[in-house]
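# Fold and contact review
Take a look at the letters that make up each chain.
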Amino acid sequence: MADLELTDDVPPEADDGVWLACIECGETFAPFDEIRYTCDHCEGLLEVRYADLPTFDEFEGEGTGVWRYHAALPFDVGVTLPEGDTPLHEVPRIEESAGVDSLRVKHEGMNPTGSFKDRGMTVGVRVAQEVGVDRLACASTGNTSAALAAYGARAGLETLVLLPAGKVAAGKIAQAALHQARILEVDGNFDQCLDRVQDLAGRGEAYLLNSLNPFRLEGQKTIGLEIMEEHYADYGEYPDRIILPVGNAGNTAALYKCFRELVKSGAITEDQVPKLTGAQAEGAAPMVEAIEEGYDETNRWEDVETRATAIRIGNPVNAPKALPGIRETGGTAVAVSDEEITEAQRELAGEGVGVEPASAASIAGLHKLREEGVVEDDESVVCLTTGHMLKDPDAAAAAGADPEPVPNDTDAILAHIDDGSVGGTVRRGASKAVKSPLALVAGGLGLAYLLRKLRSKE
Ligand code: F0G
């Protein structure tokens, strides 16, 4: 099992109080002297460690966004667009339907490129500058590539992105293309793209900026810092639970690191750590399997499929950091169906919060865990939504209401919208009402009425 204990010993390799430690064998390395993503000795995952860990006081007066938390990061400033400071939405209707004490939605889709990846990239690309590389690369289900392309462009660095052919949502490819990344479409799935890009990085051909790179997770841990600060400001207490969509388990690992550091600095006590709860799509759920079966590692799922393409991942590389995070905080992991994801995406949209399918897995997971009695009714819950709705316009259109064709005639339009069966009730209810058989029949009746009216005018 990984050793994630933060010790007080500062190794001689530390540079300005920052070093890298292997979570498996404990070996320590200088942070920026050489490029490495895993341990030289045992290939274990690396973690960034600090001689000094801040309490919340040290963030006061430091502005907003990721760099507010520079006291908890390896640099004071990075390549910034800027990122972070995302909304912690109230969602009263979902709160009521889920039946929990409080529910907030941390919408990471409101970052500059529309996903939480920007938080990792602002730090990761800064490190790339520090170690002196000129080509960046990542494998991606889409969002990482969009973020890397934008931050690479900002830094004036060449960027390669390896994407699984035919499995990346349109908005994400458009972003990577326009931000001038070279897009390499691999005939394989995400996990195979990651194998390839690790090979490229291993051969020194590019600097790897997937979440295997421990500096990425430093930026992403600021999600946790923002949640803790804002929840405390609003309620005078920290959330009981954070539910998040899981793919490579980078965010799960980053949040757990955030909480371990807050406990170590004395900012919070161990019993104030929120329960980390992962949600995966049923068709790509190796983390859920590992939690349910009590495995120390995940099994690699070769065949993965889900409508939530962002989390269509069978080999979560950060599992050795994330599984202990889920277990030690008293959390769990839950698998949700594509139908449940779509329903949750509609529910969020019905509160004005537009998310891509993967993001909605957190809300779908909450509902499921409430039904199973795992999440209790007195809990305060924060659900993370990881990407913006426009990332995947095809999925959004498919989940939403169909456009209703109307003639270019005001009376006819009024007749159409005044028809009770197609009018306000359908618009007010969730879009699924339009898709229900009753609404379809009603829609048909409305159309028949309109046609009759038009004919009578001829
Ligand atoms: N949600 C969204 C919208 C994502 O894009 C991802 C990961 C996740 C959740 C899962 O996060 O890996 O930290 O558990 N997307 C990566 C990518 C794999 O390439 O964009 P995780």
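These numbers come from a predicted model, not from an experiment.

### Some details on the sheet that holds strand E7 (residues 158-164)
Taken together, four strands build an open sheet; the order of strands is E8-E7-E6-E9 and the sheet is parallel. One side of each edge strand has no neighbouring strand; the edge strands of this open sheet are strand E8 (182-186) and strand E9 (207-208). Relative to E7, strand E6 (residues 135-139) runs parallel, the two sharing five bridges. Across the sheet, the residue bridging to arginine 135 is glutamate 158, located in E7. Across the sheet, helix H4 (residues 170-178) lies against E7 and E8, angled at about 140 degrees from E8, the strand it touches most.

### Focus on the site of the ligand
Surrounding the ligand, one finds 20 residues, the nearest of these being Ser140, Thr141, Gly247, Asn248 and Thr386. Contact distances for the ligand include 2.7 Å between an oxygen atom and a backbone N or O atom of threonine 141. In this structure, threonine 144 approaches the ligand through a main-chain N or O atom, which is 2.8 Å from an oxygen atom. At the level of elements, helix H3 (143-155) and helix H8 (250-265) are the ones that each hand at least two residues to the shell around the ligand.

### A short note on the side chain of glutamine 345
Locating glutamine 345 in the fold gives a position in helix H11 (residues 338-349). Contacts of glutamine 345, omitting those with residues within four sequence positions, involve Arg307, Val355, Glu356, Pro357, Ala360, Ala395, Ala396 and Ala399.

### With respect to the sheet that holds strand E3 (residues 46-50)
Read across the open sheet, the three strands follow the order E2-E1-E3; overall the sheet is antiparallel. Strand pairing shows two members of the sheet lacking a second neighbour, strand E2 (28-29) and E3, which therefore form its edges. When strand E1 (residues 18-22) meets E2, the two strands line up antiparallel, connected through two bridges. Its bridge partner lying in E2, leucine 20 is registered against phenylalanine 29.

### Quick look at H11
Compared with the 16 Å implied by 1.5 Å per residue over twelve residues, the 16 Å span of H11 between its first and last C-alpha is a close match. Among the residues of H11, Ile341, Thr342, Ala344, Gln345, Arg346 and Leu348 are the ones counted as buried.

### Some thoughts on the environment of proline 405
Structurally, proline 405 is set in the loop between helix H13 (393-399) and helix H14 (410-418). Accessibility expressed as a relative area gives 65% for proline 405, which makes it exposed.

### Digging into the packing of helix H2 (residues 117-131) against H3
Between H2 and H3, whose axes approach to 9 Å, the crossing angle comes to 45 degrees. With respect to their mutual orientation, H2 and H3 come out oblique. Crossing of H2 against H3: the hand is right-handed. Residue-level contacts link Lys117, Asp118, Met121, Thr122, Val125 and Gln129 of H2 to Asn143, Thr144, Ala147, Leu148, Tyr151 and Ala155 of H3. Tallied by class, the residues present in the contact of H2 with H3 amount to six nonpolar, four polar and two charged.

### Here's the deal with the pattern of salt bridges
Enumeration over the complete set of coordinates arrives at 28 salt bridges. Arginine 104 is paired through a salt bridge with aspartate 234; the nearest N and O atoms lie 2.9 Å apart. In this pair, arginine 104 is assigned in strand E5 (residues 102-107) and aspartate 234 in helix H7 (residues 222-235), connecting sequence segments 130 residues apart. Arginine 104 sits in the buried class, given a relative accessible area of 5%. The shortest N-O distance in the salt bridge between arginine 312 and glutamate 305 comes to 3.0 Å. Residue arginine 312 is classed as buried on the basis of its relative accessible area of 9%. Among the residues examined, glutamate 305 registers a relative accessible area of 43% and is labelled partly exposed. Salt bridges sharing partners connect three or more residues here, namely Lys106, Glu108, Arg119 and Glu226.

### What about the environment of isoleucine 243?
When you line up the elements, isoleucine 243 lands in strand E10 (residues 241-245). A residue is classified by how much of its surface remains accessible, and isoleucine 243, at 0% relative accessible area, is buried. With residues up to four places along the chain from it excluded, the contact list for isoleucine 243 reads Thr277, Ser362, Leu366, Val381, Val382, Cys383 and Leu384.

### Here we look at H8
Relative to the 22 Å expected for 16 residues at 1.5 Å per residue, H8 spans 22 Å between its end C-alpha atoms, a close match to the ideal helical length. H8 sits mainly inside the fold: 14 of its 16 residues count as buried. Positive phi shows up at glycine 266, right after H8, with a value of about 90 degrees.

### Quick look at the pairing of E8
Sheet analysis places E7 next to E8, joined by five bridges and oriented parallel. Its bridge partner lying in E8, proline 164 is registered against valine 186. Handedness of the crossover joining E7 and E8 through H4 is recorded here as right-handed.

About the thresholds
- Residues numbered from 1 in each chain as written.
- Predicted model: local features only at pLDDT ≥ 70, side-chain atom pairs only at ≥ 80, totals over all residues.
- Heavy atoms only, no water.
- Pairing = 2+ DSSP bridges.
- Helix = DSSP H or I, 4+ residues; strand = E, 2+ residues; numbered from the N terminus.
- Contact = heavy atoms within 4.5 Å.
- Axes fitted to C-alpha atoms, helices over the stretch in contact; angles between N-to-C directions.
- Near = heavy atom within 4 Å.
- Polar contact = N/O pair within 3.5 Å; in protein donor to acceptor, adjacent residues only side chain to side chain.
- Expected span 1.5 Å × (residues − 1).
- Buried < 20%, exposed > 50% of the residue type's maximum accessible area, 1.4 Å probe, protein only.
- Parallel < 35°, antiparallel > 145°, perpendicular 65-115°, else oblique.
- Left-handed = near helix turned anticlockwise from the far one by under 90°.
- Nonpolar A, V, L, I, M, F, W, Y, C, P; charged D, E, K, R; others polar.
- Salt bridge = Lys/Arg side-chain N within 4 Å of Asp/Glu carboxyl O.
- Right-handed = clockwise from strand over helix to strand, strands pointing away.

Remember that the coordinates give geometry; whether it matters functionally is a separate question.
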